[in-house]
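# Coordinate inspection notes
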Amino acid sequence: MASTACFVIVSKNDIPIYDAEVGSAPKKEDQAYQHQFILHAALDVVQDLAWTTNAMSLKSVDRFNELVVSVYVTAGHTRFMLLHDTRTEDGIKSFFQEVHELYIKIFLNPLYLPGSRITSSHFDTKVRALARKYL
Amino acid sequence: MGREVAGSCLDGVVMEMVSAYCGRFYAAKPELAAGRIEAIGFQVGHQLSERYTMDRPRFTDHLEAIKFICKDFWSELFKKQIDNLKTNHRGTFVLQDNCFPWLTHVSLDPSMESTDATESDPALLGDTAAQTTSMLLYFPCGIIRGALTNLGIPCAVSADMSNLPACSFVVRIKT
């Protein structure tokens, strides 16, 4: 089942520190840019919503055509944003929780500067594997 | 994410780090040593707060975050909670710990301090010992500051050690 999905991690200073196209549909170049644009535009909505609740998972915050943006906010105000189509709703919360664990492992690395880009290929591989598993 | 290490090893590492920075790296410049120790604590607190807030809902205001520091964070670090929390409701909090674990092995007995008794002056020895202890306290100050900064609360933390082993940390939130 082909699905489009784009995953971005935004730090609390509003700098994207990781992004990946994790869908299983064939990738088209201009669509990748469009996905990132939609995600960045959704940041404003997330900013408002994040203060209204103390839950971590904000579920779906924005829509664009058939694509939905779901967001998960950590206590340190790092946002995990996922752009996906409406078919893949269920495993998203577990996906976010597992990525949160991976993110904490990166964060605990003393050589990692918080707020800088995540360049570890190991992290990248694991995120893509989780995306295949849950999305 | 769970391997275990003896608690005394951690105490030993912290004490050795403080004495290395004060005695060897920045021997003649205590302000620089204090700054470095506080910066190390800041990074540790920053990372630990991210880890310990993983399973719980986010915080709605400053008081909630400070209470998290007093209860969950402190019990993860030292297996006990902060004994007393006072606030003036205008951005200053005092966290008092009646028996701070890293200070239990520190004694301020001047008679055991130095080997050259020729020019030793009890008041001066007391000062040196107090200065070394205050160096040790820069590390937990940095930890608290790092944890609160990661939760979105910029602050300044100082320690007050008028009677060991009790010590209190004064947190001033920058507005």
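Residues numbered from 1 in each chain as written. Chains lettered and ligands numbered in written order. Predicted model: local features only at pLDDT ≥ 70, side-chain atom pairs only at ≥ 80, totals over all residues. Heavy atoms only, no water.

As named in an unreviewed UniProt entry, chain B is Trafficking protein particle complex subunit 6B, taken from Brachypodium distachyon. Its UniProt record, at the heading Sequence similarities (unreviewed entry), says of chain B: "Belongs to the TRAPP small subunits family. BET3 subfamily." (UniProt positions renumbered as here; feature names shortened; annotations may be inferred.)

By the naming in an unreviewed UniProt entry, chain A is Trafficking protein particle complex subunit, taken from Brachypodium distachyon.

Counting its secondary structure elements, chain A contains four helices and five strands. Moving toward the C terminus, one meets the helices and strands of chain A in the order β-β-α-α-β-β-β-α-α. In terms of overall dimensions, chain A is globule-like: its C-alpha atoms have a radius of gyration of 14 Å, near the 14 Å expected for 135 residues. Dimensions of chain A, computed from the C-alpha atoms along their principal axes, are close to 40 × 35 × 25 Å. Out of the 135 residues belonging to chain A, those deemed buried represent 47%. The long-range fraction of contacts in chain A, counting pairs at least 24 apart against all pairs at least 6 apart in sequence, stands at 54%. Summed over its atoms, the accessible surface of chain A is roughly 7000 Å², and 53% of this surface lies on carbon and sulfur atoms. (Helix = DSSP H or I, 4+ residues; strand = E, 2+ residues; numbered from the N terminus. Rg over C-alpha atoms; globule rule 2.2 N^0.38 Å. Buried < 20%, exposed > 50% of the residue type's maximum accessible area, 1.4 Å probe, protein only. Contact = heavy atoms within 4.5 Å. Areas by Shrake-Rupley, 256 points an atom, 1.4 Å probe, with all protein chains shown as cover.)

Okay, the pairing of strand 2 (residues 16-21) of chain A next. Residue and element names in this part refer to chain A. One ladder, built from five bridges, connects strand 1 (residues 5-10) with strand 2; its direction is antiparallel. Opposite Val 8, over in strand 2, you have Asp 19 as the bridge partner. Counting the residues between successive antiparallel strands, the hairpin from strand 1 to strand 2 contains five residues, one of them, Asp 14, with a positive phi of roughly 65°. (Pairing = 2+ DSSP bridges.)

As a further point, take the sheet that holds strand 3 (residues 57-64) of chain A. Hydrogen bonds between backbone groups are what pair the strands of a sheet, and the pairing can be parallel or antiparallel. All names here are of chain A. Sheet architecture is open: five strands sit in the order 2-1-5-4-3, paired in antiparallel fashion. In this open sheet, the two strands that pair with only one neighbour each are strand 2 and strand 3. Averaged over neighbouring strand pairs, the angle between their axes works out to 15° when direction is ignored. Sheet topology note: the strand 4 (residues 67-73)/strand 5 (residues 79-85) ladder contains seven bridges and is antiparallel. Following the sheet pairing, Leu 67 is matched in strand 5 by Asp 85. (Axes fitted to C-alpha atoms, helices over the stretch in contact; angles between N-to-C directions.)

Quick look at the interface of chain A and chain B now. Each side of the interface is counted separately: chain A has 22 residues, and chain B has 15 residues. Across the chain A to chain B interface the summed buried area is about 1700 Å²; carbon plus sulfur atoms make up 59%. Taken together, the links from chain A to chain B amount to zero salt bridges. Linking chain A with chain B are nine residue pairs in polar contact (both at pLDDT 80 or more). (Buried area = accessible area lost by both parts, 1.4 Å probe. Salt bridge = Lys/Arg side-chain N within 4 Å of Asp/Glu carboxyl O. Polar contact = N/O pair within 3.5 Å; in protein donor to acceptor, adjacent residues only side chain to side chain.)

With that out of the way, let us pick up the packing of aromatic side chains. For the structure on display, the rule yields 24 aromatic pairs over all chains. A ring pair is formed by Tyr 52 of chain B and Phe 73 of chain B, whose centres lie 5.9 Å apart and whose planes are at 70°; its orientation type is edge-to-face. One end of the pair, Tyr 52 of chain B, is in helix 2 (residues 30-52); the other, Phe 73 of chain B, is in helix 3 (residues 62-78), with 21 residues separating them in the sequence. The class of Phe 73 of chain B is buried, set by a relative accessible area of 0%. The interplanar angle of 45° and the centroid separation of 5.1 Å between the aromatic rings of Phe 59 of chain B and Phe 68 of chain B together place this pair among those described as tilted. Residue classification places Phe 59 of chain B among the buried residues on the basis of a relative accessible area of 15%. Grouped by ring-pair contacts, the aromatic residues Phe 7, Tyr 18, Tyr 72, Phe 80, Phe 95, Phe 96, Tyr 103, Phe 107, Tyr 112 and Phe 123 of chain A constitute a single cluster. (Phe/Tyr/Trp six-rings, centres within 6.5 Å; stacked < 30°, edge-to-face > 60°.)

To continue, consider the nonpolar core. All names here are of chain B. Within the largest apolar cluster, 43 residues are counted, with the highest numbers of intra-cluster contacts made by Leu 95, Phe 100, Leu 148, Phe 169 and Val 171. Elements represented by at least two residues in this core include exactly helix 1 (7-25), helix 2, helix 3, strand 2 (92-97), helix 4 (122-150), strand 3 (155-160) and strand 4 (167-173). If you tally residues by element for this core, the top one is helix 4, at nine residues. In contact with Val 171, other than residues within four places in its own chain, are Ile 66, Gly 91, Thr 92, Phe 93, Leu 95, Ile 144, Leu 148, Cys 155, Ala 156 and Val 157. (Core = buried A, V, L, I, M, F, W, Y, C linked by side-chain atoms within 4.5 Å.)

Once that is clear, we can look at the packing of helix 3 (residues 92-107) of chain A against helix 2 of chain B. Where helix 3 of chain A contacts helix 2 of chain B, the two axes come as close as 10 Å, and the packing angle between them is 165°. Compared by their axis directions, helix 3 of chain A and helix 2 of chain B come out roughly antiparallel. For helix 3 of chain A against helix 2 of chain B, the interelement crossing comes out left-handed. Taken together, the residues of helix 2 of chain B that come into contact with helix 3 of chain A (itself represented by His 100, Tyr 103, Ile 104 and Phe 107 of chain A) are His 46, Gln 47, Glu 50 and Arg 51 of chain B. The class makeup of the residues in the contact of helix 3 of chain A with helix 2 of chain B is three nonpolar, three polar and two charged. (Parallel < 35°, antiparallel > 145°, perpendicular 65-115°, else oblique. Left-handed = near helix turned anticlockwise from the far one by under 90°. Nonpolar A, V, L, I, M, F, W, Y, C, P; charged D, E, K, R; others polar.)

Attention now goes to helix 2 of chain B. An α-helix turns once every 3.6 residues. As a result, residues three or four positions apart point the same way. Helix length check: helix 2 of chain B (23 residues) gives 32 Å between terminal C-alpha atoms against 33 Å at 1.5 Å per residue, within 8%. Every buried residue of helix 2 of chain B is accounted for by Ala 33, Ala 34, Ile 37, Glu 38, Gly 41, Gly 45, His 46, Gln 47, Leu 48, Ser 49 and Glu 50 of chain B. (Expected span 1.5 Å × (residues − 1).)

Glancing now at the pattern of salt bridges. Residue and element names in this part refer to chain A. Enumeration according to the criterion identifies eight salt bridges over all chains in this entry. The partner of Arg 79 in a salt bridge is Asp 14, with the nearest N and O atoms 2.8 Å apart. A residue pair is termed long-range when its members are at least 10 positions apart, and Arg 79 in strand 5 and Asp 14 in the loop between strand 1 and strand 2 qualify at 65 residues. What makes Arg 79 buried here is its relative accessible area of 1%.

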